[in-house]
Amino acid sequence: MTDPDVLIAGETLIDLFPTTPGPLADAETFERRAGGAPANLAVAMTRLGTAPYLWTRLGADPFGEHLADVLETQGVPDRFVEVDADRKTAHTLVGDDPAADQSFVFYKEATATMAMEPGTVPDETLANLEWVHFGGVMLCEAPVRTAMLDLAERAQAQDCTVSFDPNTREDLWPDPADLEPTMRRALELADVVKTDREDLSILLETIDQDIASVAEELLASGPHTVFLTRGADGTYGMATADAPWGPAETDQPTFDVDAVDTTGAGDAFTAGTITALLAGRSLPDAVTFGNAVGALATTETGAMEPLPDREAVERLIAAQ
């Protein structure tokens, strides 16, 4: 078996879904699901036939044991799956209440999940990778913030394509003043950014302008490629001449499926798009492929269970 060409960095955690709809405060029972945006992405890419490394940290507790088993069962390489003997694994309550102000409640304080350390992935590994991806949840506090930015800096120096999903959750930041400068630094280090108009609203002067203006503002901050997801309205993509697949612009509709749960759909889109771009597809084709992966990921509850294989994705594209 050849070594992976891709490394995904960030959280693997437990998502707890209420078994009945309504406010989280009224929920009496929950169902456990493996989650965390980077872990979702790694499993999605593995199902599509491109198993990446996943650099993540689990606690030596029942949640951590379960997540390690899930990653192993899904075929994700375990070289950079760390186990922390002294800390617990983070978990999240996932709300099912349209009237709620907050659909996710994240329990992360003093967990193994947030204790990743700089230098864990050696330069020799980065030198043999084509792509490195990291997410914004891991930027909310030290020391894991330093670990993520260090990884991105060293990956950039090794000529990896670096992608970034801000996944901005302002309530996770102990010091809100850190959010804007940290996100701007992450954008400077990224070649590819997947986000949406609202996710980076605190940074954007073009927030109320057309989608192309939003993409152009983000491109001016560092990346050569931007993907802006819009839920049921599809995905907009723009790349400059600096991109291997650019210059290009595309606006692709979503796919019509019977959606049950959108948790992890954005991660599935990212997995599909990275997979397609690594295979040499054009920007429009990559967005179409990513949209199909994202759509199929909404057809069951949970972020990992409904993730499709390549054949299912190609069938959906061919059918529509």
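The structure this text deals with has already been given above.
Heads up: these notes are all about the structure in this document. Just so you know, these numbers come straight off a predicted model, no measurement behind them.

With respect to the sheet that holds strand β13 (residues 248-252)
One open sheet accounts for nine strands, arranged β5-β4-β1-β8-β9-β10-β11-β12-β13; its pairing is mixed. This sheet does not close on itself; its edge strands, each paired only once, are β5 (81-84) and β13. For this sheet the average axis-to-axis angle between neighbouring strands, irrespective of direction, equals 15°. Across four bridges, strand β4 (residues 53-59) lies against β5 in parallel orientation.

Observations concerning the side chain of aspartate 165
Mapped onto the elements, aspartate 165 comes out in strand β9 (residues 161-165). Leaving out residues up to four positions away in the same chain, aspartate 165 has contacts with His133, Phe134, Gly135, Gly136, Lys194, Asp199 and Asp267.

Focus: empty space enclosed by the protein
Vacant regions in the atomic arrangement are exposed by a probe of water-molecule size rolled over the atoms. According to the stated counting rule, one finds two cavities of 30 Å³ or more in the structure shown. Looking at the largest cavity, its volume works out to about 80 Å³. Put simply, the parts of the chain that give the lining of the largest cavity at least two residues each are β8 (131-135), β9, β10 (192-195) and α7 (265-278). In terms of residues, the lining of the largest cavity owes the most to one element, α7, which gives five residues. The computed volume of the second largest cavity comes to approximately 50 Å³.

Examining the pattern of salt bridges
One side chain can pair with another of opposite charge once the charged atoms of both are near each other. Enumeration over the complete set of coordinates arrives at 16 salt bridges. When the shortest N-O distance is used, the salt bridge between arginine 33 and glutamate 305 registers 3.5 Å. Linking arginine 33 in strand β3 (residues 30-35) with glutamate 305 in the loop between α8 (283-296) and α9 (310-319), this pair joins segments that are 272 residues apart in sequence. Under the relative-accessibility criterion, arginine 33 is labelled buried at 18%. A salt bridge links aspartate 150 to arginine 154; its shortest N-O distance comes to 3.0 Å. Within this pair, aspartate 150 and its partner arginine 154 are both found in helix α4 (residues 144-157), separated by four residues, close to a single helical turn.

Some remarks on a negative patch on the surface
A cluster of acidic residues, Glu65, Asp69, Glu72 and Asp78, forms a negative patch on the protein surface. Looking at the element boundaries, glutamate 65 is found in helix α2 (residues 62-74).

Cut-off values and rules
Residues numbered from 1 in each chain as written. Predicted model: local features only at pLDDT ≥ 70, side-chain atom pairs only at ≥ 80, totals over all residues. Heavy atoms only, no water. Pairing = 2+ DSSP bridges. Helix = DSSP H or I, 4+ residues; strand = E, 2+ residues; numbered from the N terminus. Axes fitted to C-alpha atoms, helices over the stretch in contact; angles between N-to-C directions. Contact = heavy atoms within 4.5 Å. 1 Å grid on protein atoms, 1.4 Å probe; cavity = no way out; pocket = protein on both sides within 12 Å on 5 of 7 lines; lining within 4 Å. Points joined across faces, edges and corners; volume = space filled by probe spheres on them. Salt bridge = Lys/Arg side-chain N within 4 Å of Asp/Glu carboxyl O. Buried < 20%, exposed > 50% of the residue type's maximum accessible area, 1.4 Å probe, protein only. Patch = residues over 30% accessible without salt bridge, like charges linked within 9 Å, V, L, I, M, F, W, Y side chains within 5 Å. Areas by Shrake-Rupley, 256 points an atom, 1.4 Å probe, with all protein chains shown as cover. Lys, Arg positive; Asp, Glu negative; His and termini not counted. Charge placed at Lys NZ, Arg CZ, Asp CG, Glu CD.

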